[in-house]
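# A structural walkthrough
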Amino acid sequence: MAILGNAVKGSIVDRENGKVLSQEQIKEIQRVLLMVLEDIDAICREYGLKYSLIGGTAIGCMRHKGFIPWDDDVDIAMTRKDYEIFRVVINNKCSEKYSLTDARRENNYGKNIPKLRLKQTEYSTLLKVNPLDKEITTDIFIIENVDELKIVKGIHGVLCLIMGYLLACRRIAEYKETFCEVYKEKDFKIKLFIGKIISFISLDKCAHLTENVYSFCKNDKSKYVSVPTDRRHFFGEIFPRNIMCEVNDAQFEGKKLMIMKKIDYYLTNRYGDYMKIPPVEEQVMSVFTKLDLGPYKKEQM
């Protein structure tokens, strides 16, 4: 089972006794993740913040009214402005239960996607290349402003692409041994070479610089926004603000959560026919080496 993006998330199953999640384990992880989503939702409603389920979590909401049956993580998006408020609230009111790491203030292992980490849990997978990156997490994709001037937007976008690429190279150099096992792209050696050249810059510093480039535009009323950390990067993720930032309530596992008002437009643009369930061989599963829900185990709740 040496495949990526087909049956398992990760290229080898046997590293340190790695195993594919069972259906029972997936349901337990989803139960805990739903609790996290409820906490996020409660904070956002209390402080007048907006977020939206995105990616596979949004597909699950629309297609299954909850989690995709084989999914083991959740993704949300919020504007930079709302994220900064959310971060302060989490750190001030929820620090016993959660930690929130991002590229500017905390060690986020060279990633520009903030992670809300559920303390006292451990979920280690093959794609978590740093052994300290081990909690059950929720990814928060930051919606960035896009400048109205085409030339400024163009320069900003190119710089985002360059910095994002350099950061990826630097991460590969930092965690070379692990990436050698799980990264099978043809440009691996090139990225590793570039990463070594810029290794005089610490990984955290490189991530911090990249974050400053991503958040360059300060116009919170710009017509367009982008999520430069998502798969299609800056230019491929540009959407009108009203598409990304206006939300409605939607049912998710029987709970009321926020999702984009025009989620069908967004998901169709990103994934095509997202309501079609993929064949079994394309249902991506994670390979894990350790799973411990700590105080959130079902028998302890």
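Rules of the game
Residues numbered from 1 in each chain as written. Predicted model: local features only at pLDDT ≥ 70, side-chain atom pairs only at ≥ 80, totals over all residues. Heavy atoms only, no water. Buried < 20%, exposed > 50% of the residue type's maximum accessible area, 1.4 Å probe, protein only. Helix = DSSP H or I, 4+ residues; strand = E, 2+ residues; numbered from the N terminus. Arc of directions from axis to C-beta. Pairing = 2+ DSSP bridges. Phe/Tyr/Trp six-rings, centres within 6.5 Å; stacked < 30°, edge-to-face > 60°. Salt bridge = Lys/Arg side-chain N within 4 Å of Asp/Glu carboxyl O.

A few words now on helix α6 (residues 188-197). Within the sequence span of α6, burial applies to F188, K191, L192 and G195. Within α6, the buried residues cover an arc of 100° as seen down the axis, which keeps them to one side. Exposed and oriented more than 90 degrees from the buried face of α6 are K189 and F193.

Right, let's talk about the pairing of strand β12 (residues 255-260) for a bit. Two strands pair when backbone bridges link them, and strand β11 (residues 247-252) and β12 are joined in this way by six bridges, in the antiparallel orientation. Pairing of F252 across the sheet is with K255, part of β12. Between β11 and β12, which pair antiparallel in sequence order, lie two residues; one of them, E253, sits at a positive phi of approximately 50°.

For the structure on display, the rule yields four aromatic pairs. When the centroid spacing of 5.2 Å and the interplanar angle of 85° are considered together, the rings of F234 and F235 count as edge-to-face. Judged by relative accessible area, F234 falls into the buried class, the value being 2%. F235 sits in the partly exposed class, given a relative accessible area of 38%.

Before going further, it helps to spend a moment on the pattern of salt bridges. Summed over the entire model, instances satisfying the criterion amount to 23 salt bridges. The salt bridge partner of D249 is R45, with a shortest N-O separation of 2.7 Å. One end of the pair, D249, is in strand β11; the other, R45, is in helix α1 (residues 23-46), with 204 residues separating them in the sequence. Judged by its relative accessible area of 35%, R45 falls in the partly exposed class. Between E135 and R117 there is a salt bridge, with its nearest N and O atoms 3.2 Å apart. On the criterion of sequence distance, the pair formed by E135 in the loop between β7 (122-125) and β8 (136-146) and R117 in strand β6 (residues 115-118) is long-range, its members being 18 residues apart. Comparing E135 with R117 shows no difference in burial state: the two are buried.

Any functional reading would require information that these geometric values do not contain.
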